[in-house]
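What the coordinates show
Here is how the chains run, residue by residue.
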Amino acid sequence: METTSRAVAQASAAEGGAASPSAPSAVDGYLRAAFPWYGLDEAFTGPRWLMQVGTAADGAVEHGSIGHGDEPSVRNEHVAGDEQDAKEKFAVVVTVAASPVRRSADGTGTLEATSVSSAAWLAGVGLLSFTWPGQMDHSLRDDWLDQQTETAWVLADDLDGSDWSTLSLPVDGVPTPFHYRESEFGWVLAGSTGQGVHLGAYGRGMSAYGLAFAAVKDIAEYA
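Read on for an overview of the structure. The written sequence of each chain sets the order in which its residues are numbered from 1. Residues qualify for local features only when their pLDDT is at least 70, as the model is predicted, and side-chain atom pairs are given and counted only at 80 or more; totals for whole chains, interfaces and linings, by contrast, use all residues. Values reported for side chains reflect all heavy atoms of the structure, with hydrogen atoms and water molecules removed beforehand.

What about a negative patch on the surface?
Residues forming no salt bridge and having over 30% relative accessible area are the ones grouped into patches, like charges within 9 Å of each other and nonpolar side chains (Val, Leu, Ile, Met, Phe, Trp, Tyr) within 5 Å. All accessibility values rest on the Shrake-Rupley procedure with a 1.4 Å probe; residue burial counts only the protein chains present in the view. Just to be clear on terms, a salt bridge is a Lys or Arg side-chain nitrogen sitting within 4 Å of an Asp or Glu carboxyl oxygen. Counted as positive: Lys and Arg. Counted as negative: Asp and Glu. His and the chain ends are not counted at all. The atom standing in for a charge is NZ when the residue is Lys, CZ when it is Arg, CG when it is Asp and CD when it is Glu. A cluster of acidic residues, Asp157, Asp158, Asp160 and Asp163, forms a negative patch on the protein surface. Going along the chain from the N terminus, every DSSP run of H or I of four or more residues is numbered as a helix, and every run of E of two or more is numbered as a strand. Tracing the chain through its elements places Asp157 in the loop between helix H5 (141–156) and strand E7 (165–171).

Here it is, written out as structure tokens:
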């Protein structure tokens, strides 16, 4: 289903995911992509920041994330509705290149196809990177992360299941259907565009119902 291995994505989640917006090379991977990047449209006027790109086995950039709002910290001691959690308002948009099953560049194997499920799973794992139940000891977080990553995988592979609802949001001004779910840690959504990419998104403290997505005009502006 996904283009990066589960192990790679779990490592990304465990590390926290967000790169420093001031890192001089943060935009390099985004500039190598052969597809358009998406973020929230111009109605969002808050901070925007680059996170990470993911690559296929042949090194081609296949997905990446752009954050909006407050750079989130790991939620480990705050419950929904408390003062600290209310201050942390963010939405992350994940862009995934829409690709069929194809041969790797070196001809030694095949690369998996991507789908809306790929975007849903990457968004679900992304939300996990900023989640950690407060009652859990540090030493148990890896086991918890493994379990929750597997759950995100199962949910993403069943987008027509009862855990998901349908939400229509604008993409480049066009109403577009998304699969949407909420949890105690935040929300996740996923859908497709007419521009050769799938979109995933996740967030906390910022309602998904008022979001709109648009292609980034010049990703180099993030450098």
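So, the pattern of salt bridges
Under the defined criterion, the tally for this structure stands at one salt bridge. Glu42 is the salt-bridge partner of Lys217, the closest N and O atoms lying 3.1 Å from each other. In this pair, Lys217 is assigned in the segment after strand E11 (213–215) and Glu42 in the loop between strand E1 (38–40) and strand E2 (48–55), connecting sequence segments 175 residues apart. Each member of the pair, Lys217 as well as Glu42, carries the same accessibility label: exposed. Throughout this description, buried means an accessible area under 20% of the type-specific maximum (1.4 Å probe, protein chains only), exposed means over 50%, and partly exposed covers the range between.

Remarks on the environment of Pro36
Of note, Pro36 is situated in the loop between helix H2 (28–31) and E1. Exposure remark for Pro36: the relative accessible area of 30% places this residue in the partly exposed category. The spatial distance from the C-alpha of Pro36 to the C-alpha of Val96 is 9.5 Å, given a sequence separation of 60 residues. Only heavy atoms enter the contact rule, under which two residues are in contact if any of them lie within 4.5 Å. Contacts of Pro36, omitting those with residues within four sequence positions, involve Thr95, Gln195 and Val197.

A look at the pairing of strand E10 (residues 197–204)
Counting buried positions over the eight residues of E10 gives eight, a clear majority of the element. Here E10 shows no split at all, with Val197, Leu199, Ala201 and Gly203 on one side and His198, Gly200, Tyr202 and Arg204 on the other all buried. Strand pairing follows a simple DSSP-based rule, namely that at least 2 bridges must link the two strands. By the bridge criterion, eight bridges tie strand E4 (residues 90–97) to E10 in an arrangement that is antiparallel. Residue pairing across strands places Val96 opposite His198, the latter belonging to E10.

Overview of the nonpolar core
Soluble, globular proteins show a tendency: their nonpolar side chains are buried together. Counting residues in hydrophobic clusters, the biggest one holds 55 residues, and the most contacted among them are Leu189, Tyr202 and Phe213. Ranked by the residues each element gives to this core, the list is headed by helix H4 (residues 116–128), at eight residues. Nonpolar cores are built from buried Ala, Val, Leu, Ile, Met, Phe, Trp, Tyr and Cys residues. Side-chain atoms within 4.5 Å join them into one set.

Observations concerning the packing of aromatic side chains
Each Phe, Tyr or Trp ring, with Trp reduced to its six-membered ring, pairs with another whose centre is within 6.5 Å; inter-plane angles below 30 degrees give stacked pairs, above 60 give edge-to-face pairs, and intermediate values give tilted ones. What the rule picks out here adds up to six aromatic pairs. Ring centres of Phe178 and Phe213 lie 5.4 Å apart, and the angle between their planes is 45°; on these two criteria the pair is classed as tilted. Of this pair, Phe178 sits in strand E8 (residues 174–183) while Phe213 sits in strand E11, placing them 35 residues apart in sequence. For the pair Phe178 and Phe213, a shared accessibility class is recorded, and that class is buried. By the ring-pair criterion, three or more aromatic residues cluster together here, those being Tyr30, Phe35 and Trp37.

A word on unusual backbone geometry
Phi at Asp172 is positive, roughly 55°, even though this residue is not glycine. Counting through the fold element by element, Asp172 comes out in the loop between E7 and E8.

In short, the description is geometric, and any link to function would need to be established separately.
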